[in-house]
Amino acid sequence: MTQLLTIPLFPLNTVLFPTMPLPLHVFEERYKTMINECLDAAGHFGVVLLTGQPEVGAPLATDDWQDIGTLARIVAYDNLPDGRYAVNARGTERFVVERVEQQAPYPVVDVRTLPEDDATSEQIDAEAQRLHALFDRFHQTAQQQGLVPDRNLPVPTESRQLSWFIASILPIEPIDKQRLLTIDDLA
């Protein structure tokens, strides 16, 4: 089921996938204000891929970011000196930006959440088995080539989470990760 929401937007040089963690060091005045207001309210904001390259503090234009992103929920934070924040957030669900409500001091947008793939559990289970096998091969090869750290990763077992996990750790450019975020079909 889709929802219409009005949320603050945090354009970043990264793609956030549902269920994945997002550690942030928030130092820019407008985003310190945004995080402070999020903590007083719902505790969530939107993350979209920043494709323009404005300077820190420069105003953003709507063509500086992608229109499909992920809701982020603040799960923990620390107040740092000078009003900065260390924030741990987690992606919850994908959305599409419908309309920009305000641009300053930070973007506030109307979004429509995107539904999850409605595949049956049998289809998902079959895909999950195939995905786990492919991931094991990928991870082993990537470690041998030094593309990912040689460590034990906490690999999700649920297929939707596994698909987002794999997309998040792939050693590809952010714009390619953005393409993965826009796909509606789990398979």
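### Points about the overall build of the chain
When helices and strands are tallied, the chain shows four helices and six strands. When the 187 residues of the chain are sorted by exposure, 40% land in the buried category.

### Topic: the pattern of salt bridges
Considering all chains together, one arrives at eight salt bridges under this definition. Between aspartate 110 and arginine 99 there is a salt bridge, and its shortest N-O distance comes to 3.1 Å. With aspartate 110 in strand 6 (residues 108-113) and arginine 99 in strand 5 (residues 85-102), this residue pair connects regions lying eleven residues apart in the sequence. In the salt-bridge network here, residues are joined through shared partners; they are Arg99, Glu101 and Asp110.

### Here's the deal with the pairing of strand 4 (residues 68-79)
Direction of pairing for strand 3 (residues 44-49) relative to strand 4: antiparallel, over a ladder of four bridges. Bridge assignment links histidine 44 to a residue of strand 4, and that residue is arginine 73. With ten bridges connecting them, strand 4 and strand 5 associate as antiparallel partners. Note that in strand 5 the partner of alanine 72 across the bridge is glycine 91.

### Things to note about the side chain of glutamate 28
For glutamate 28, the location among the structural elements is in the loop between strand 2 (21-26) and helix 1 (29-40). Owing to a relative accessible area of 14%, glutamate 28 belongs among the buried residues under this scheme. A distance of 2.6 Å separates the side chain of glutamate 28 from the side chain of arginine 30, its partner in a polar contact.

### Quick word on the pairing of strand 2
Burial along strand 2 is one-sided: the face carrying Leu22, Leu24 and Val26 is buried and the face carrying Pro21, Pro23 and His25 is not. Strand direction decides the pairing type here: strand 2 and strand 5, joined by six bridges, are antiparallel. Following the sheet pairing, valine 26 is matched in strand 5 by tyrosine 85.

Rules of the game
- Residues numbered from 1 in each chain as written.
- Predicted model: local features only at pLDDT ≥ 70, side-chain atom pairs only at ≥ 80, totals over all residues.
- Heavy atoms only, no water.
- Helix = DSSP H or I, 4+ residues; strand = E, 2+ residues; numbered from the N terminus.
- Buried < 20%, exposed > 50% of the residue type's maximum accessible area, 1.4 Å probe, protein only.
- Salt bridge = Lys/Arg side-chain N within 4 Å of Asp/Glu carboxyl O.
- Pairing = 2+ DSSP bridges.
- Polar contact = N/O pair within 3.5 Å; in protein donor to acceptor, adjacent residues only side chain to side chain.

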